[in-house]
Amino acid sequence: MLKKLLKYDIKYIYKVLIVFYILSIFFGGLTRLVSLMESSTMRTIIYGILNGVTISMLFSVIINTIMRSWARFTNNIYKDEAYLTHTLPIDRKTLFNSKILSIIITLFTSVLILAITIFIAYYSKENITLLRNTFSMIENIYSINMTLVIIFILIIFFLEILSMVESGYVGIILGHRKNDKRIMYSVLFGFLVYIISQILIIIFIYILGLFDSNIMLLFTSNSSITSNTLNIIMIITTILYLIINTILYIICQKVFNKGINVD
């Protein structure tokens, strides 16, 4: 039953996302084509416009991934669709797991589309050489492995977006336990949960800084941190996001199982 639920959840999200995927790649392609034209004032203007549109499409892909996930959760659990959803012979844990898996899958493909669009729009031998030289310079100055840094940045970005979505789920579940103004409460609770989770991460890193002067430099100085400290912070941040996402998942399941008030 989980596979069937997941199929419909993903279909709902991709129904709109696929449009933004196509637009993102399309404008990335146009940006690339214009960049290959001979230099001129008009070419510079058009390239600037297309470059701005491409960047806005990249943001739109991520934003719509998040918004469609929240919309699917709300419509399927609390709106008109809910009357059918809650008659299905499935438990609420399975129902919620489908929503979590759907956002993980669609978020992964969205990040992949971002990478493809950026590659299409900005790939060139000159840009690759510039990027390599920049990475090489940073590695020599700070003695860090830029490949490892980029991998951690992508992982943290993925987990950060996932925590944002889960915070929204918590907000929606708590908000719909109210008798009125459910949307307002959903937004409020979701925002508060997300802010609290981010504050907890900062507090935990600060506490670690009390025992490690290099980490404390993040809060007390503008000076550069060492490569070892950067690696530690990235690992700790990744672990913290994993813990927070797990806690948010448990909270959602606990509150979700207490009961549902369909609109």
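Procedures and definitions
Residues numbered from 1 in each chain as written. Predicted model: local features only at pLDDT ≥ 70, side-chain atom pairs only at ≥ 80, totals over all residues. Heavy atoms only, no water. Helix = DSSP H or I, 4+ residues; strand = E, 2+ residues; numbered from the N terminus. Buried < 20%, exposed > 50% of the residue type's maximum accessible area, 1.4 Å probe, protein only. Areas by Shrake-Rupley, 256 points an atom, 1.4 Å probe, with all protein chains shown as cover. Lys, Arg positive; Asp, Glu negative; His and termini not counted. Charge placed at Lys NZ, Arg CZ, Asp CG, Glu CD. Axes fitted to C-alpha atoms, helices over the stretch in contact; angles between N-to-C directions. Left-handed = near helix turned anticlockwise from the far one by under 90°. Contact = heavy atoms within 4.5 Å. Nonpolar A, V, L, I, M, F, W, Y, C, P; charged D, E, K, R; others polar. Polar contact = N/O pair within 3.5 Å; in protein donor to acceptor, adjacent residues only side chain to side chain. Patch = residues over 30% accessible without salt bridge, like charges linked within 9 Å, V, L, I, M, F, W, Y side chains within 5 Å. Salt bridge = Lys/Arg side-chain N within 4 Å of Asp/Glu carboxyl O.

### Quick word on the overall build of the chain
Counting its secondary structure elements, the chain contains nine helices and zero strands. Scanning the chain from its N terminus toward the C terminus, one meets helices and strands in the order α-α-α-α-α-α-α-α-α. Its C-alpha atoms give the chain principal-axis dimensions of about 60 × 55 × 35 Å. Buried residues in the chain amount to 40% of all 263 residues. Carbon and sulfur atoms provide 71% of the accessible area of the chain, an area that totals close to 15,100 Å². When the 21 basic and 12 acidic side-chain charges of the chain are each reduced to a single mean position, those positions are 8 Å apart.

### Thoughts on the packing of helix H4 (residues 92-122) against helix H6 (residues 146-175)
The description of two helices packed together rests on the angle between their axes and the distance between the axes. Taken N-terminus to C-terminus, the directions of H4 and H6 make an angle of 145°; their axes are 11 Å apart at the nearest point. In this structure, the crossing between H4 and H6 has a hand that is right-handed. Residues Phe96, Lys99, Ile100, Ile103, Ile104, Leu107, Phe108 and Val111 of H4 form the contact with H6, whose participating residues are Phe157, Phe158, Ile161, Leu162, Val165, Glu166, Tyr169 and Ile173. When the residues that make up the contact of H4 with H6 are grouped by side-chain class, the tally is 14 nonpolar, no polar and two charged.

### Observations regarding the side chain of serine 167
Along the chain, the position of serine 167 falls in helix H6. Reaching out from serine 167, the side chain makes a polar contact with the backbone oxygen of serine 163 at a distance of 2.8 Å. Not counting residues within four places of it along the chain, the set of residues in contact with serine 167 comprises Gly190, Val193, Tyr194, Ser197 and Leu248.

### Regarding a positive patch on the surface
On the surface, Lys4, Lys7, Lys11 and Lys15 cluster together into a positively charged patch. Its place among the elements puts lysine 15 in helix H1 (residues 2-35). For lysine 15, a relative accessible area of 67% corresponds to the exposed category.

### Brief notes about the pattern of salt bridges
In this structure the tally under the stated criterion is two salt bridges. For aspartate 9, the salt bridge goes to arginine 72, with nearest N and O atoms at 2.7 Å. Taken as a pair, aspartate 9 in helix H1 and arginine 72 in helix H2 (residues 41-77) lie far apart in primary sequence, 63 residues in all. One exposure class covers both aspartate 9 and arginine 72, and it is buried. The closest approach of N and O atoms between lysine 99 and aspartate 9, which form a salt bridge, is 3.3 Å. One end of the pair, lysine 99, is in helix H4; the other, aspartate 9, is in helix H1, and 90 residues separate them in sequence. Linked through salt bridges whose partners overlap, the residues forming this network are Asp9, Arg72 and Lys99.

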